Every structure is written in structure tokens, then in C-alpha cells.
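# Architecture and fold: a report
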Amino acid sequence: MNKNELAAAVADKAGLAKGDAASAVDAVFATITETLSSGGDVRVLGFGNFVVQQRAATTGRNPMTGAAVDIPAKRVPKFSAGKALKEAVNS
């Protein structure tokens, strides 16, 4: 399912116009992105958690030359599914 299909499904379930649903979906994604970029977490009970984790700097290897490559530390987003979502997928 892509973003347009998600907006159409939201419009059908909520009884909204497709344009309004698309705006709502965009707003949710923008809010999650802004919160994570500022270092916060987004926790949706029953669905899951969006958090930012710090990935440590490490040394990798170039597969063609075998030379060592320094990989810098960075922050990465992570999603962990909630219990209700896991149960719904596995039932």
C-alpha cells in the first residue's frame, strides 16, 4: 500500500473526502518526522513506538578493495510494533 492508497483507505473508513484524508495522512507523517528529528519519541498505544536510536561509529570494509572505511555515528529512526498490532498480524 502506498501513500495515496492509504489516504483513500482512511477516507473510506472515516467518511472523509479524499483530499481531507490525504491532508490528515500528510500531517501525521510530518508530525512524526518533526518529533523524531527533534529527538522525541512517538508512542501510539496498541500500534507501536517510533523512537530515535544512536548508532555508534564503526569501521567497515570496502568489499572491492578490502580497505577499511570509517562509518560515522548517526541517529536512526526505529519502529517497534505494539502488542495489539502484532496480535492482529498473527491472527
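Residues numbered from 1 in each chain as written. Predicted model: local features only at pLDDT ≥ 70, side-chain atom pairs only at ≥ 80, totals over all residues. Heavy atoms only, no water.

## Thoughts on the packing of helix α1 (residues 3-14) against helix α2 (residues 18-37)
Look at α1 against α2: their axes get within 8 Å of each other, and the N-to-C directions meet at 120 degrees. If you check the angle between α1 and α2, you find them oblique. Considering how the two elements wind past one another, α1 and α2 form a crossing that is right-handed. On α2, the residues that touch K3, L6, A7, A8, V10 and A11 of α1 are K18, A21, A22, V25, D26 and F29. Along the lines of polarity and charge, the residues of the contact of α1 with α2 split into 9 nonpolar, no polar and 3 charged. (Axes fitted to C-alpha atoms, helices over the stretch in contact; angles between N-to-C directions. Helix = DSSP H or I, 4+ residues; strand = E, 2+ residues; numbered from the N terminus. Parallel < 35°, antiparallel > 145°, perpendicular 65-115°, else oblique. Left-handed = near helix turned anticlockwise from the far one by under 90°. Contact = heavy atoms within 4.5 Å. Nonpolar A, V, L, I, M, F, W, Y, C, P; charged D, E, K, R; others polar.)

## A short note on the domain arrangement of the protein chain
By the assigned domains, the protein chain splits into domain 1 (1-37) and domain 2 (40-90). Centre-to-centre separation of domain 1 and domain 2, based on C-alpha positions: 24 Å. With 4 residues of domain 1 at the interface, the matching set in domain 2 holds 8 residues. Both faces considered, domain 1 and domain 2 share a buried interface measuring about 480 Å² in area, 69% of it formed by carbon and sulfur atoms. Three residues, I32, T35 and L36, lead the burial of domain 1 against domain 2; their summed loss comes to 92% of the area buried on that side. Between the two partners, domain 1 and domain 2, sit 0 salt bridges. (Domains from an automatic or database assignment. Buried area = accessible area lost by both parts, 1.4 Å probe. Salt bridge = Lys/Arg side-chain N within 4 Å of Asp/Glu carboxyl O.)

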